[in-house]
Amino acid sequence: KNFHNEPKLACMKLAKPRCMLKPYLRTIADKIKSLRRKRRVSQLEVAQRSRISPRYYQEIEAARVNMTIATLIKLARAFQVKVQTIVADLPRPNE
(Lines give C-alpha, C1' and ligand atoms only; values in the text may rest on other atoms or scores of the structure.)
Protein backbone atom coordinates (compact mmCIF):
# COMPACT_ATOMS: atom_id res chain seq x y z
CA LYS A 1 0.00 0.00 0.00
CA ASN A 2 1.12 3.52 -0.74
CA PHE A 3 0.16 5.44 2.41
CA HIS A 4 1.28 8.75 0.95
CA ASN A 5 -1.60 8.75 -1.54
CA GLU A 6 -4.39 7.99 0.92
CA PRO A 7 -4.85 11.51 2.33
CA LYS A 8 -4.76 12.94 -1.18
CA LEU A 9 -7.45 10.53 -2.37
CA ALA A 10 -9.61 11.30 0.66
CA CYS A 11 -9.36 15.03 -0.08
CA MET A 12 -10.26 14.45 -3.72
CA LYS A 13 -13.41 12.57 -2.72
CA LEU A 14 -14.51 15.38 -0.39
CA ALA A 15 -13.82 18.26 -2.77
CA LYS A 16 -16.83 19.59 -4.61
CA PRO A 17 -16.46 20.28 -8.31
CA ARG A 18 -16.83 23.95 -9.24
CA CYS A 19 -20.11 23.23 -11.05
CA MET A 20 -21.64 22.10 -7.75
CA LEU A 21 -20.64 25.41 -6.15
CA LYS A 22 -22.26 27.51 -8.88
CA PRO A 23 -25.68 27.90 -7.18
CA TYR A 24 -23.97 29.13 -4.00
CA LEU A 25 -21.67 31.50 -5.87
CA ARG A 26 -24.62 32.85 -7.89
CA THR A 27 -26.73 33.46 -4.77
CA ILE A 28 -23.90 35.31 -3.02
CA ALA A 29 -23.08 37.30 -6.17
CA ASP A 30 -26.72 38.34 -6.58
CA LYS A 31 -26.93 39.45 -2.95
CA ILE A 32 -23.73 41.49 -3.22
CA LYS A 33 -24.92 43.11 -6.45
CA SER A 34 -28.28 43.90 -4.83
CA LEU A 35 -26.59 45.52 -1.82
CA ARG A 36 -24.44 47.62 -4.12
CA ARG A 37 -27.36 48.76 -6.26
CA LYS A 38 -29.50 49.63 -3.22
CA ARG A 39 -26.69 51.88 -2.03
CA ARG A 40 -26.26 53.35 -5.52
CA VAL A 41 -22.52 52.90 -5.58
CA SER A 42 -20.24 51.71 -8.37
CA GLN A 43 -18.31 48.47 -8.47
CA LEU A 44 -15.13 50.52 -8.27
CA GLU A 45 -16.32 52.22 -5.07
CA VAL A 46 -17.15 48.90 -3.39
CA ALA A 47 -13.81 47.45 -4.48
CA GLN A 48 -11.96 50.42 -3.02
CA ARG A 49 -13.90 50.28 0.25
CA SER A 50 -13.23 46.54 0.47
CA ARG A 51 -9.58 46.91 -0.49
CA ILE A 52 -9.83 44.39 -3.30
CA SER A 53 -9.08 44.93 -6.96
CA PRO A 54 -11.91 46.22 -9.15
CA ARG A 55 -11.43 43.29 -11.52
CA TYR A 56 -11.73 40.78 -8.69
CA TYR A 57 -14.90 42.51 -7.50
CA GLN A 58 -16.36 42.23 -11.01
CA GLU A 59 -15.55 38.52 -10.99
CA ILE A 60 -17.33 38.14 -7.64
CA GLU A 61 -20.49 39.84 -8.93
CA ALA A 62 -20.36 37.63 -12.02
CA ALA A 63 -20.11 34.50 -9.80
CA ARG A 64 -16.87 33.49 -11.53
CA VAL A 65 -14.71 33.20 -8.41
CA ASN A 66 -14.95 31.37 -5.12
CA MET A 67 -13.88 34.16 -2.78
CA THR A 68 -12.26 33.62 0.58
CA ILE A 69 -14.02 34.19 3.88
CA ALA A 70 -11.66 37.13 4.42
CA THR A 71 -12.98 38.77 1.23
CA LEU A 72 -16.55 38.06 2.28
CA ILE A 73 -15.86 39.82 5.59
CA LYS A 74 -14.31 42.80 3.77
CA LEU A 75 -17.39 43.11 1.58
CA ALA A 76 -19.75 42.84 4.54
CA ARG A 77 -17.83 45.64 6.26
CA ALA A 78 -17.91 47.77 3.11
CA PHE A 79 -21.70 47.39 2.97
CA GLN A 80 -21.99 47.75 6.75
CA VAL A 81 -23.92 44.49 7.10
CA LYS A 82 -23.27 41.20 8.86
CA VAL A 83 -21.82 38.32 6.83
CA GLN A 84 -25.04 36.45 7.61
CA THR A 85 -26.94 39.04 5.56
CA ILE A 86 -24.94 38.09 2.48
CA VAL A 87 -25.16 34.31 2.92
CA ALA A 88 -28.66 34.07 4.42
CA ASP A 89 -30.44 32.80 1.31
CA LEU A 90 -28.02 30.09 0.22
CA PRO A 91 -29.71 27.07 -1.38
CA ARG A 92 -29.88 23.94 0.74
CA PRO A 93 -27.42 21.23 -0.31
CA ASN A 94 -28.85 18.16 -2.00
CA GLU A 95 -28.08 15.28 0.31
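Details of the structure are given in the entry above.
Quick look at the nonpolar core now. Counting 16 residues, the largest nonpolar core has Ile32, Tyr57, Met67, Leu75, Phe79 and Ile86 as the members making the most contacts within it. At four residues, the largest contribution of residues to this core is made by helix α5 (residues 69-79).

This part is about helix α4 (residues 54-61). Where α4 is concerned, the buried positions are Tyr57, Glu59, Ile60 and Glu61. Phi turns positive one or two residues past the end of α4, at Ala63, with a value near 60°.

This part is about the pattern of salt bridges. Taken as a whole and judged by the stated rule, the model has five salt bridges. Here Glu61 makes a salt bridge to Arg36, at a shortest N to O gap of 2.5 Å. A residue pair is termed long-range when its members are at least 10 positions apart, and Glu61 in helix α4 and Arg36 in helix α2 (residues 18-38) qualify at 25 residues. Across the pair, exposure class does not vary: Glu61 and Arg36 are buried alike. Between Glu59 and Arg64 there is a salt bridge, and its shortest N-O distance comes to 2.9 Å. Via salt bridges that share partners, Arg55, Glu59 and Arg64 belong to a single interconnected network.

Cut-offs and rules
Residue positions are counted from 1 within each chain, in the order its sequence is given. Note on the predicted model: pLDDT of at least 70 is required for a residue's local features to be given, and 80 or more for side-chain atom pairs to be given and counted; whole-chain, interface and lining totals, by contrast, use all residues. Remark: hydrogens and water are excluded; side-chain values derive from all non-hydrogen atoms of the structure. Among the buried residues, those of types Ala, Val, Leu, Ile, Met, Phe, Trp, Tyr and Cys that are joined through side-chain atoms within 4.5 Å form a nonpolar core. Throughout this description, buried means an accessible area under 20% of the type-specific maximum (1.4 Å probe, protein chains only), exposed means over 50%, and partly exposed covers the range between. Segments assigned H or I by DSSP are reported as helices when at least four residues long, segments assigned E as strands when at least two residues long, and all are numbered from the N terminus. Salt bridges are identified by distance alone: a Lys or Arg side-chain nitrogen within 4 Å of an Asp or Glu carboxyl oxygen.

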